[in-house]
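Close look at the chain arrangement
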Amino acid sequence: MKRIGVLTSGGDAPGMNAAVRAIVRKGIYHGLEVYGINQGYNGLIHGNIQKLEAGSVGDIIQRGGTILQSARSEEFKTPEGQQKGIEQLKKHGIEALVVIGGDGSYQGAKKLTEQGFNCIGVPGTIDNDIPGTDFTIGFDTALNTVLDAIDKIRDTASSHERTFIIEVMGRNAGDIALWSGLAGGAESIIVPEENFEMKDVVERLQQGTKRGKRHSIIIVAEGVMSGNQFAEELKKAGVTGDTRVSVLGHIQRGGSPTAFDRVLASRLGARAVELLLEGKGGRAVGIQNNQLVDHDILEILGQPHTIDKNMYRLSKELSI
Ligand code: ATP
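Bear in mind the structure is a predicted one, so any value in this text is a computation, not a measurement.

**Focus on the packing of helix 7 (residues 198–210) against helix 8 (residues 227–236)**
- In contact at an axis separation of 10 Å, helix 7 and helix 8 are set at 75° when each is read in the N-to-C sense. The pairing of helix 7 with helix 8 is recorded here as roughly perpendicular in orientation. The residues of helix 8 that touch helix 7, namely those facing Met-198, Val-201, Val-202 and Leu-205, are Phe-230, Glu-233 and Leu-234.
- Classifying every residue of the contact of helix 7 with helix 8 gives six nonpolar, no polar and one charged.

Encoded structure:
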């Protein structure tokens, strides 16, 4: 094998650049030529491809977003779209591909592997919702961004004796909510994976007020309901105090990746190239118990995301 490609797909995540850098440099170190495909599968279809040198990925390890840019492509979900992508790969002499993204992006990688182009999936999404890895690239950075916001909001919450509802990202996965809530000392954490009773939330608020707490923080993952909806529900359940809503939104996506994400991205990116050098495809790399692992991408796609139930329980025990 002489030539490999790399693309970033789906939502951007801090650390994607560190992964691109690792893939390019690891490839060049082993004598490969590495091509960057801009704008995900959309760029692949349209031949938006350029050769990357070791210097092309200089000064990016510390940057959020992705220098390769990302895009969604409905066309690539069709066999015709995939065929166009394959023609472009052939035209550029690219024999294998590393795809950095979430589960949707993995679907595309699986399709290409089935058609004879070995692809390796690298988990890049802030949601931490990819099975087969303890952490995805970008999650730690997003978590720390949310935590910083919680700490700041807490100052105002205690100064004014308010309850704050903080809406965080997570359509199907509650990891950002759970980890930030536990680290930020939230009273209640509402995640898509666990049912909740509004009366429990109210009881916790009342308990806190009784023992003289000056603030309350509730973290709601957007996939359960919006922060504003939650505030309405709380009101209906009889909470009359000064309640404010803060929707963190897209600030959770950007920013310079943490050391953890940079190291994770470097390790996973390099491992993906090693697998291609071993002639493997249709694998998804990950980290489990701090060991690099790889799984069949098909198995990964079939598994539901789960939350750490012990951590969820602990968050409740510590917020009495
Ligand atoms: P995030 O979790 O951050 O949203 P993602 O990778 O899951 O990331 P998606 O928008 O679901 O993001 O997928 C990214 C792209 O992958 C899609 O725009 C599409 O081009 C491709 N893709 C998704 N599903 C398929 C599929 N079934 N077959 C082929 N390609 C697909």
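**Structural notes on the pairing of strand 5 (residues 118–123)**
- Within strand 5, five of the six residues are buried, which leaves it mostly tucked inside the rest of the structure.
- As judged from the six bridges shared by strand 4 (residues 96–101) and strand 5, these two strands associate in the parallel manner. Within the sheet, the bridge partner assigned to Gly-101 lies in strand 5 and is Pro-123.
- For the segment spanning strand 4, helix 4 (residues 103–114) and strand 5, crossover handedness is right-handed.
- In this sheet, strand 10 (residues 283–288) lies alongside strand 5 in parallel orientation, the contact comprising two bridges. Within strand 10, the position partnered with Ile-120 by the bridge is Arg-283.

**Focus on the layout of surface pockets**
- If you add up the space inside the largest pocket, you get close to 930 Å³.
- Along the wall of the largest pocket there are 39 residues; nearest its centre are Arg-72, Gly-102, Asp-103, Gly-104 and Ser-105.
- Among the secondary structure elements, those contributing two or more residues to the lining of the largest pocket are helix 4 and helix 10 (297–302).
- At six residues, helix 4 tops the list of elements feeding residues into the lining of the largest pocket.
- In terms of residue class, the lining of the largest pocket is made up of 11 nonpolar, 17 polar and 11 charged.
- Looking at the second largest pocket, its volume works out to about 330 Å³.

Conventions used here
Residues numbered from 1 in each chain as written. Predicted model: local features only at pLDDT ≥ 70, side-chain atom pairs only at ≥ 80, totals over all residues. Heavy atoms only, no water. Axes fitted to C-alpha atoms, helices over the stretch in contact; angles between N-to-C directions. Helix = DSSP H or I, 4+ residues; strand = E, 2+ residues; numbered from the N terminus. Parallel < 35°, antiparallel > 145°, perpendicular 65-115°, else oblique. Contact = heavy atoms within 4.5 Å. Nonpolar A, V, L, I, M, F, W, Y, C, P; charged D, E, K, R; others polar. Buried < 20%, exposed > 50% of the residue type's maximum accessible area, 1.4 Å probe, protein only. Pairing = 2+ DSSP bridges. Right-handed = clockwise from strand over helix to strand, strands pointing away. 1 Å grid on protein atoms, 1.4 Å probe; cavity = no way out; pocket = protein on both sides within 12 Å on 5 of 7 lines; lining within 4 Å. Points joined across faces, edges and corners; volume = space filled by probe spheres on them.

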